[in-house]
Amino acid sequence: MNRTEQALEPHERVTSPRPAAGGWAERIFKLSEHGTTVRTELVAGLTTFLTMAYIIFVNPSILGDAGMPKDAVFVATCLIAALGTGIMALYANYPIALAPGMGLNAYFAYVVVGQMGFTWQAALGAVFVSGCLFLLVTVFKLRELIIRGIPHSIRIAITVGIGLFLAIIALKSAGIVAPSKATYITLGDLHTPQVVLATIGFFLIVVLDRLKVPGAILIGIIAVTVASFFFAGNAFHGIFAAPPSIAPTFLQLDIKSALSGGILNVILVFFLVELFDATGTLMGVARRAGLLVPAKMDRLNKALLADSGAIFAGSLLGTSSTTAYVESAAGVQAGGRTGLTALTVAVLFLAALVISPLAGAVPAYATAPALFFVACLMLRELTELDWDETTEVIPAAVTALAMPFTYSIANGLAFGFITYAVLKLFTGQGRQVHWMVWLIGGVFLFKFIYIGGH
């Protein structure tokens, strides 16, 4: 095997698809150019959707704790996921899905509304203002400057950190790790049907992938879901249900209250997390798909604009900040390389408005094996680090490790940037550091000192 073949991902080496035939999909998404087919993209899109479909049920539950009408939030979640992902598909031609972000919705509900006492309408206003700032930063290409200023070692660490982040999400969803007051996390109950089915699903995916079976990840998800009806007490509640009204949350944001002095810090937190969480996810998944190369950077810029616009659009519909989803890596591993993967996800989110009982039948422990499989493969990026240069490898390690252990991609980037700048400064290499690193590190340091770690 030559070096070029070695550089390819496992999926790309073993299942090289035939060039796609002509048609609208080829014209819009350039499937042949990316070495993919309509079938591969559709399977990848379904895989991504299944790994992130939990958000249409989890997001209303979390925002409902802030007093928001759950049924309306359900509709808003589906609509903004379909809209944002559709724009990502047709404008940027990226296989990355968007939806209201986990973590940001919890901050919205439990900190801004629950602890700080703001109304959910004011919190939506803060999301809207942060989205406008986010869009301006993107339009004036400040995000592009930030990306260009990210050191190579940190770029690698983003992909690895996302892999570790996926791993802890997967292990938690499968029940293999559980919370512990003494040690924070501990081993879960391995005798439950959920853990057993998730474990079998993981081995099934790995074996099928090694045997070059197309759609290995999707087959694993479906197999565990079917088995859950027989062995884990999962219930089937039908297929169709009429969508509720979105009126209780549509255009209910309170921008005036969001611009008051007390909530300006909230806007800054939303903005910083959106900026670096979304940017880190886009870079990590795009790099995994082989799309983060100089010749294709224009598509990344379009992708940045797509996810920027989705934030304030989501606040108008009635949900917390929308962001690129790390679970998109599952679809990329399944072969997704173009916007057709994302378009498939967008259509499925629209369909979820009327088939929510069917979408809800896929349990978290059925998608956990897929996420854990992808997480394992993403760790291979570590081989690209120069382990003899500690001022490069230590910040990279800090970045990657902080993401899962703080449960935040943005926090991982923050610790990584600060560590990189400090180590370079005190080892006499300060002049080699891009000015953007100093700026970003300084902003994060200011945030941690004066605002806190939210």
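How each quantity is defined
Residues numbered from 1 in each chain as written. Predicted model: local features only at pLDDT ≥ 70, side-chain atom pairs only at ≥ 80, totals over all residues. Heavy atoms only, no water. Helix = DSSP H or I, 4+ residues; strand = E, 2+ residues; numbered from the N terminus. Buried < 20%, exposed > 50% of the residue type's maximum accessible area, 1.4 Å probe, protein only. Contact = heavy atoms within 4.5 Å. Expected span 1.5 Å × (residues − 1). Salt bridge = Lys/Arg side-chain N within 4 Å of Asp/Glu carboxyl O. Pairing = 2+ DSSP bridges. Core = buried A, V, L, I, M, F, W, Y, C linked by side-chain atoms within 4.5 Å. Axes fitted to C-alpha atoms, helices over the stretch in contact; angles between N-to-C directions. Parallel < 35°, antiparallel > 145°, perpendicular 65-115°, else oblique. Left-handed = near helix turned anticlockwise from the far one by under 90°.

This part is about the overall build of the protein. From N to C terminus, the protein includes 22 helices and 4 strands. The buried share among the 454 residues of the protein stands at 56%. Expressed as a percentage of contacts within the protein between residues at least 6 apart in sequence, the contacts between residues at least 24 apart total 81%.

Attention now goes to helix 21 (residues 409-426). In an α-helix, one turn spans 3.6 residues, which is why side chains three or four residues apart end up on the same side. For helix 21, which comprises 18 residues, the first-to-last C-alpha distance of 26 Å matches the rise-based estimate of 26 Å (1.5 Å per residue) to within 8%. Of all 18 residues in helix 21, 13 are buried, a share of seventy percent or more. At the exit of helix 21 stands G428, carrying a positive phi of roughly 75°.

It is worth spelling out the pattern of salt bridges at this point. Across all of its chains, the model carries 1 salt bridge by this definition. Across the pair E392 and K424 runs a salt bridge whose closest N-O atoms are separated by 3.0 Å. Highlighted residues: E392 in helix 20 (residues 390-405) and K424 in helix 21, separated in sequence by 32 residues. Residue classification places K424 among the buried positions, given a relative accessible area of 3%.

The next point concerns the pairing of strand 3 (residues 184-187). Of the strand pairs in this sheet, strand 2 (residues 177-180) and strand 3 are connected by 4 bridges, and their pairing is antiparallel. The residue bridging S180 from the neighbouring strand is Y184, located in strand 3. Connecting the antiparallel pair strand 2 and strand 3 is a turn made up of 3 residues.

What follows covers helix 8 (residues 120-139). Between its first and last C-alpha, helix 8 extends 28 Å over 20 residues, near the 28 Å set by a 1.5 Å rise per residue. Along helix 8, 14 of the 20 residues are buried, which leaves the element largely enclosed by surrounding structure. Positive backbone phi, approximately 60°, marks K141, located one or two places after helix 8.

Next up on the list: the nonpolar core. Nonpolar side chains in soluble globular proteins generally cluster together in the buried interior. Within the largest apolar cluster, 125 residues are counted, with the highest numbers of intra-cluster contacts made by M88, Y94, F108, L166, F270 and F349. In this view, F270 contacts L104, Y107, F108, V112, A123, A126, V127, S130 and S321; residues no more than four positions away in its chain are not counted.

Across the interface, helix 4 (residues 38-52) lies against helix 17 (residues 339-351) with an axial gap of 7 Å and an inter-helix angle of 50°. Taken together, the axis directions place helix 4 and helix 17 in an arrangement best described as oblique. With respect to the hand of their crossing, helix 4 and helix 17 are arranged in right-handed fashion. Contact residues: helix 4 offers V38, E41, L42, A44, G45, L46, T48, F49 and M52, while helix 17 offers L340, T341, T344, V345, L348 and F349.

Trans peptide bonds make up most of the peptide bonds, and negative phi angles are found at most residues other than glycine. Of note, the phi angle at N93 is positive, near 55°, even though the residue is not glycine. Its identity is not glycine, yet L251 carries a phi of approximately 60°, on the positive side. Considering the arrangement of structural elements, one finds L251 in the loop between helix 12 (216-231) and helix 13 (255-258).

Before going further, it helps to examine the environment of L425. Here L425 is to be found in helix 21. Assessed through its relative accessible area of 47%, L425 is described here as partly exposed. Residues L425 and T391, spaced 34 residues apart in sequence, show a C-alpha to C-alpha distance of 9.9 Å. Aside from chain neighbours lying at most four places away, what touches L425 is G430 and W438.

Moving on, we come to the environment of G412. Note that G412 resides in helix 21. Among the residues examined, G412 registers a relative accessible area of 0% and is labelled buried. Along the chain, G412 and V398 lie 14 residues apart, while their C-alpha atoms are 7.1 Å from each other. Once you skip the residues sitting within four places of it in the chain, G412 turns out to touch T399, A402, M403 and T406.

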